Amino acid sequence: MINQIFRRLIPKWISLIEFRNIPFNNQHKLFFSFPLPIVGAFVTGLCLSLLFAACSSTPTVNVPNSSATSVSNSASNAKVVRFGYQKSTILLRTKGVLEKRLTPEGITVQWTEFQAGPQLLEAMNVGSIDIGPVGESPPIFAQAAGASLTYVVGTAASPAGSAILVPQNSQIQKVTDLKGKKVAFQKGSSAHLLLVQALEKSGLKYTDIEPKYLAPADARAAFVKGSVDAWVIWDPFYAAAQEATKARVLIDGTGINKQGGYYLMTRKFVTENPQTVKAILEEIQNLEEWSKTHREEVAKTLAPVLGIDLETMRKATNRRTFGLVPVDDNLINLQQGVADTYYKLKLIPKEVNVKDAVLTKEEYAAFSPKT
């Protein structure tokens, strides 16, 4: 009974939290992250609900080639789409394409920002958001924890957009030098997998390093203070740290990272709102395709939003690969490999079957854009 009450109340509190426009070059800015313990969630949620206003939509901006397909209210029960996002995917919110597409159909878009994928999926699991983009690792940890999530589409890999950083004057010159060192990264994130893969490629074991599980803001603070020896991170945090701390790249994901991330939704939202899902994914795909040939505009749009100088934002934008990837057998097999890797290392408590979070081909056909 207590569990049911918490599950009804916590999403309402979390949905009131919005993290926006936090500069990357200001280390003492406050960040929040999930998951919270149940009691902590009760107290924190109650306090935060008094401090933060509900999420609001951003003004719309025209993007070329917007799809003409209309959402049919008869095929959708949703009147609100609660969208979780990260700084790495803030362009979708900034451009306002979902509002332009969905508002005429009486559907409101609410936005909540998260530091990383694990926090985003925790919020999704407790019913606070309906959809959000994450890397390849967060869904595995979420499934292992019993979360009910569904893969809806994949995103193209950007191997050069993640890296292992060390201080400029560090004696660490190659990955094998990380043996016995303290390495900071977000547990269960794409950075986690990059570290695992880089260590394996260099002949080291995961147990050869001392992991420090820190969210991006905390990891950066630890890195700057010198309390960790290396930091594994992704763009735009990566580009910002290069500029602000003059961090040296030990290795990036080139030649290591073979897959991108995913947009995930709750199964309930997908099955009850296929036409709304179709509209959302079409707009995401349109924006991805537009971004491929408008990188300078992407950088100029995001630099002031993220509080990053234009040259640094150009760097992050130019090493990103834009595009969507269908959830097919190839992608499922790659993702299963990620799950098996984490289980083998005893980083998740049980084996994960990725297909448990995958829809049928017929269900995907109902909303998937042509990729």
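Described below are features of the structure shown in this document. Please read these numbers as outputs of a predicted model, since none were measured by experiment. (Residues numbered from 1 in each chain as written. Predicted model: local features only at pLDDT ≥ 70, side-chain atom pairs only at ≥ 80, totals over all residues. Heavy atoms only, no water.)

## A short note on the nonpolar core
If you look at the biggest cluster of nonpolar residues, it comprises 107 residues, and the most contacted ones within it are Phe 83, Tyr 151 and Leu 178. If sequence neighbours within four positions are ignored, Tyr 151 has contacts with Pro 139, Ile 140, Gln 143, Tyr 262, Tyr 263, Leu 264, Val 327, Gln 335, Val 354, Ala 357, Val 358 and Tyr 364. (Core = buried A, V, L, I, M, F, W, Y, C linked by side-chain atoms within 4.5 Å. Buried < 20%, exposed > 50% of the residue type's maximum accessible area, 1.4 Å probe, protein only. Contact = heavy atoms within 4.5 Å.)

## Concerning the packing of aromatic side chains
Taken as a whole, this structure holds nine aromatic pairs when the rule is applied. Ring plane angle 35 degrees and centroid distance 4.9 Å describe the contact between Phe 83 and Trp 111, whose orientation is recorded as tilted. Pair noted here: Phe 83 is in strand 1 (residues 80-85) and Trp 111 is in strand 2 (residues 108-113), with a separation of 28 residues, a long-range link. According to the relative accessible area criterion, Phe 83 is buried, its value standing at 1%. Among the aromatic residues, those joined into a ring-pair cluster are Phe 83, Tyr 85, Trp 111 and Tyr 263. Taking the ring centre of Tyr 238 as reference, the NZ or CZ of Arg 319 above it sits at 3.7 Å. (Phe/Tyr/Trp six-rings, centres within 6.5 Å; stacked < 30°, edge-to-face > 60°. Helix = DSSP H or I, 4+ residues; strand = E, 2+ residues; numbered from the N terminus. Lys NZ or Arg CZ within 6 Å of the ring centre and 35° of its normal.)

## A look at the pairing of strand 7 (residues 210-213)
The pairing of strand 6 (residues 182-185) with strand 7 spans four bridges and is classified as parallel. When the bridges of strand 7 are listed, Ala 184 appears paired with Lys 212. Regarding the hand of the β-α-β motif, the stretch spanning strand 6, helix 7 (residues 190-201) and strand 7 is right-handed. (Pairing = 2+ DSSP bridges. Right-handed = clockwise from strand over helix to strand, strands pointing away.)

## What to know about the pattern of salt bridges
All chains considered together, the criterion is met by 16 salt bridges. In this structure, the salt-bridge partner of Arg 101 is Glu 282, at a minimum N-O distance of 2.8 Å. Of this pair, Arg 101 sits in helix 4 (residues 97-102) while Glu 282 sits in helix 11 (residues 274-292), placing them 181 residues apart in sequence. Take Arg 101 and Glu 282: they sit in the same class, and that class is buried. The network of salt bridges with shared partners includes Arg 101, Lys 278, Glu 282 and Glu 283. (Salt bridge = Lys/Arg side-chain N within 4 Å of Asp/Glu carboxyl O.)

## Thoughts on the environment of Thr 150
Following the sequence through the fold, Thr 150 ends up in strand 4 (residues 150-155). Placed 112 residues apart in sequence, Thr 150 and Tyr 262 show a C-alpha to C-alpha distance of 9.8 Å. Once residues within four sequence positions are removed from consideration, Thr 150 is found in contact with Tyr 263, Leu 264, Met 265, Thr 266, Arg 267, Ala 357 and Leu 359.

## What about the pairing of strand 8 (residues 230-234)?
When you tally the buried positions in strand 8, you get five out of five residues, the bulk of the element. Pairing geometry for strand 6 and strand 8, over two bridges, is parallel. Residue pairing across strands places Ala 184 opposite Trp 231, the latter belonging to strand 8.

## Looking at unusual backbone geometry
Across the junction of Asp 235 and Pro 236, the peptide omega takes the value 0 degrees, indicating a cis bond. You will see that Lys 246, though not glycine, has its phi angle at about 60 degrees, which is positive. Since its relative accessible area comes to 42%, Lys 246 is described here as partly exposed. A positive phi angle, near 60 degrees, is found at Lys 346, a position not held by glycine. Structurally, Lys 346 can be placed in the loop between helix 14 (329-344) and helix 15 (361-365).

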